[in-house]
Amino acid sequence: MKRDWKALLLRHETILLLVLIAEWVFFYYAGTSTNRRGVVVGFGTLDRQFDILRHSCEIGLLALALTPVIITAGIDLSVASLLGLCAILFGKFWHDAGLPIPVAIALTLVLGGLAGALNGTLITKLRLPPLIVTLGTYSLFRGLAEAITRGAVTYTDFPAGFLFLGQERWLGLPTQAWIFFAAAIAIWLLVHRTTFGRSFRAIGYSPEGARYAGLPVERRVALVYVLAGVIAAVAAIIYTARLGQAKADAGLGYELFAITAVVLGGTSIFGGAGSVHGTLLGVAAIAVLKNGLATLPVVMRMNAAEEMAGLLTGALLLVALTSSVIPKLLARWHTRPHVTVSPTLKPKSTA
Amino acid sequence: MKSFLRLWLVAGLLLGSMAGAQAASSKLIVAFLPKSKGNAYFISCKAGAEKAAKELGVELLFDGPTDSNAAKQNEIVENWITLGVDVIAVAAENREGISTALRKAQKQGIKVITYDADAMPDARSFFVNQATPEGIGYTLMDEAARLLNNEGEFAMITASLTAANQREWQKHIEARLKEKYPKMKLVAVRPCDDLKDKAQSEATAMMSANPNLKLIMSICSPGVPGAAEAVKQAGKTGKVKVIGLGLPSENRRYVHEGVTDTVVLWKTEDLGYLTIYAGVALAKDELKKGAKSFKAGSLGTFEIQGDNILLGKPFSFNKANIDQFNF
């Protein structure tokens, strides 16, 4: 019984949750103040908490999309480029083709899925490495978005009803948070509660083994990329609604934030292991860090909140990845304090 | 495990004490947002803003995207709202995109002012307008006439034949020409797509098609060095003069070589200076809607048209003064 408790405490997700709470408490105390006009401002305000949630939705969705992909030992570098392309397509459907918003959204989601299917087909039918395929579509999708707009057209003037999705609140929370939560629950159920989703881990751990076990590996891998495409399209719609504009640079660089969140959340980049709740914790840890930093007057005065956030996110990732190793290192240290041999680590034998 | 926890605790305490150094500032905080913070144009705006902030005794925050990114501009404005600054001054990358965030700032009692590139009128109190189309058009035409002694043929390079601002400037140039300089003739108008290379080939073509051409005027910034290079390579330095709208830094070489006579732009430092003065006056309730003029420290009084504070006539950079400006 005691052993179980200790194992739970040392689990990656638990450590990450503690880090998240520590971050939150720290910023709550250091990042909240009263300004000249006597108004309470900073991290501790409800508005800021909603801002954090709002800013997390797009990267959070991409991270959700990437979790099954990475669990199957794949990678999708093209998700953020696809976000940009979908934003432009949606803008074009609505503005240039004059389609009603719901139809434009539906079409965008379908095209997002098709773009994901392109990734999936190239990976499974041609047996190309996912890294190479999605590196290609990473440039291809962004390039298409830029070509369609010639890098100059920006779609704006969206109706208020659509902007509600990204800028207002519904039932007390930012509207898009509901979509994000719904997607999170759906993907959690898929990955953790269905045999279909559990097979992702088997595929990621050993595709050959999964194949011998009778799993349709190719079809499932392809489906994971289609799902990623659809979710990237959802993120594109939310992004467009939040900013009130669709431009070819939408979501530039988001794929790296999303991958960081997934890895920070404990999903193995080699596949076979990982969890959706870990990813959510990873997204939250990065978002709180990034938005919290910006509320520290000290950081603000350096005029480099963005740069600081990048630096600390990197540090957080390295600390989180090494922290699962540190206890083992320390344990070695304590049990064999007089041994002079350098403590090289044994490779992990189980996933 | 214990020492591991201790390590975390010490690190946390250290960080906490560092951040605790924040003192509730009694100074007014003015936040200044450029389109991109590494751009020499905005760095020189910042120099003027810093001067004004020092004179007024306010704290200046200067942050912006490293590239011209509308989404990042929004995030920075939202950060400033959270921090509870008093004034936000913005050069908008995207008119609509930024306006949502600016309206939110206004709702929280933050004064919003735009400069260089405006947001939606309801999302800010005033726009510090660096140059009216009329000011630009008239200054360029008058300078061309001065150089040619009011007579001769000249040609024009624009960015594109459809861009709204370019057409507006061209309209005022042609109006001034018709009104004041009957002996001058505009023989060609060619687009360069905002590319220096294209401007160069267009200028070369213009010179061979119009042997009596005396001057090339470019109303897009890459066109000025482009035309200068063409004139220089054709060996017509001095015979065909070059003027235009552009940055001093891009044209310094040609101005010193005598190829380009005049570069017209506004003083970016003054733009930053005036913006900060106006923003602070807004926060102190000294500048109100409907004001007709505004006094900004050592720069004197500026005219206000509607909700636009006018920086005034553009500034001409030439051999005598161009080395004083580093943007």
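Residues numbered from 1 in each chain as written. Chains lettered and ligands numbered in written order. Predicted model: local features only at pLDDT ≥ 70, side-chain atom pairs only at ≥ 80, totals over all residues.

**A short note on the nonpolar core**
Right, on to step 1. In terms of nonpolar packing, the biggest core is built from 196 residues, with A:Leu62, A:Leu83, A:Ala232, B:Val30, B:Ile88 and B:Ala278 touching the most fellow members.
Right, on to step 2. Looking at this core element by element, the count peaks at 19 residues for helix H11 (residues 217-243) of chain A.
Right, on to step 3. Here this core spans two domains, and each of domain 1 (29-130 + 267-312) and domain 2 (133-265) of chain B adds at least three residues to it.
Right, on to step 4. In contact with A:Ala232, other than residues within four places in its own chain, are A:Leu62, A:Ala65, A:Val79, A:Leu82, A:Leu83, A:Cys86 and A:Gly112. (Core = buried A, V, L, I, M, F, W, Y, C linked by C-beta atoms within 7 Å. Buried ≥ 20, exposed ≤ 12 C-beta atoms within 10 Å, placed from the backbone. Helix = DSSP H or I, 4+ residues; strand = E, 2+ residues; numbered from the N terminus. Domains from an automatic or database assignment. Contact = placed C-beta atoms within 7 Å.)

**Examining the domain arrangement of chain B**
Right, on to step 1. Per the domain assignment, the segments making up chain B are domain 1 (29-130 + 267-312) and domain 2 (133-265).
Right, on to step 2. Taking only C-alpha atoms, the centre of domain 1 of chain B and the centre of domain 2 of chain B are 32 Å apart.

**Observations concerning the packing of helix H4 (residues 79-96) of chain A against helix H6 (residues 130-149) of chain A**
Residue and element names in this part refer to chain A.
Right, on to step 1. Contact geometry for H4 and H6: axes closest at 7 Å, N-to-C directions at 30°. It follows that H4 is roughly parallel to H6 by the angle criterion. Judged by the sense of rotation from one axis to the other, the crossing of H4 with H6 is left-handed. Between H4 and H6, the contacting residues are Ser-81, Leu-82, Gly-84, Leu-85, Ile-88 and Lys-92 on the first element and Tyr-138, Phe-141, Arg-142, Leu-144, Ala-145, Ile-148 and Thr-149 on the second.
Right, on to step 2. Looking at the contact of H4 with H6, its residues break down into eight nonpolar, three polar and two charged. (Axes fitted to C-alpha atoms, helices over the stretch in contact; angles between N-to-C directions. Parallel < 35°, antiparallel > 145°, perpendicular 65-115°, else oblique. Left-handed = near helix turned anticlockwise from the far one by under 90°. Nonpolar A, V, L, I, M, F, W, Y, C, P; charged D, E, K, R; others polar.)

**Considerations on the pairing of strand E8 (residues 213-218) of chain B**
Residue and element names in this part refer to chain B.
Right, on to step 1. Buried residues dominate E8, accounting for six of its six residues.
Right, on to step 2. Looking at chain direction, strand E6 (residues 152-158) and E8 are connected through five bridges and run parallel. Paired with Ile-157 across the strands is Ser-218, a residue of E8.
Right, on to step 3. Summarising the sheet, E8 and strand E9 (residues 241-245) pair through four bridges and their orientation is parallel. Looking at the pairing, Met-217 lines up with Ile-243 of E9. (Pairing = 2+ DSSP bridges.)

**Here's the deal with the interface of chain B and chain A**
It is common to report an interface's size as the accessible area lost on association of the parts.
Right, on to step 1. Contact residues are listed per partner, giving 31 residues for chain B and 34 residues for chain A.
Right, on to step 2. Broken down by secondary-structure element, the contributors of at least two residues to the side of chain B that touches chain A are helix H1 (2-19), strand E2 (59-62), helix H3 (70-83) and helix H4 (95-107) of chain B.
Right, on to step 3. Of all the elements, H3(B) adds the most residues to the side of chain B that touches chain A, at eight residues.

**Let's talk about the sheet that holds E2(B)**
All names here are of chain B.
Right, on to step 1. With mixed pairing, the eight strands of this open sheet are ordered in space as E2-E1-E3-E4-E5-E13-E12-E11. Of all strands in the sheet, those bounded by a partner on one side alone are E2 and strand E11 (293-296). Geometrically, the sheet is characterised by an average inter-axis angle of 25° between neighbouring strands, direction not taken into account.
Right, on to step 2. As judged from the four bridges shared by E11 and strand E12 (residues 300-305), these two strands associate in the antiparallel manner. Its bridge partner being in E12, Ala-296 is matched across the sheet by Gly-300.

**Considering the packing of helix H7 (residues 196-209) of chain B against helix H8 (residues 223-233) of chain B**
Residue and element names in this part refer to chain B.
Right, on to step 1. Between H7 and H8, the least distance of the axes is 7 Å, while the angle of their chain directions is 45°. In terms of their interaxial angle, H7 and H8 are classed as oblique. Where H7 crosses over H8, the handedness of that crossing is right-handed. For the pair H7 and H8, contact is made by Lys-196, Asp-197, Ala-199, Gln-200, Ala-203 and Thr-204 and by Gly-223, Pro-225, Gly-226, Ala-227, Glu-229, Ala-230 and Val-231, respectively.

**Some thoughts on the environment of A:Asp249**
Right, on to step 1. Along the chain, the position of A:Asp249 falls in the loop between H11 and helix H12 (254-264).
Right, on to step 2. With 95 residues separating them along the chain, A:Asp249 and A:Thr154 place their C-alpha atoms 9.9 Å apart.
Right, on to step 3. If we ignore the near neighbours within four places in the chain, the residues touching A:Asp249 are A:Gly84 and B:Asn69.

**Looking at the sheet that holds E6(B)**
All names here are of chain B.
Right, on to step 1. Taken together, six strands build an open sheet; the order of strands is E7-E6-E8-E9-E10-E14 and the sheet is mixed. Two strands close off the open sheet at either side, each with one partner strand: strand E7 (184-191) and strand E14 (315-317). In this sheet, neighbouring strand axes are inclined to one another by 20° on average, regardless of whether the strands run parallel or antiparallel.
Right, on to step 2. Sheet analysis places strand E10 (residues 260-265) next to E14, joined by three bridges and oriented antiparallel.

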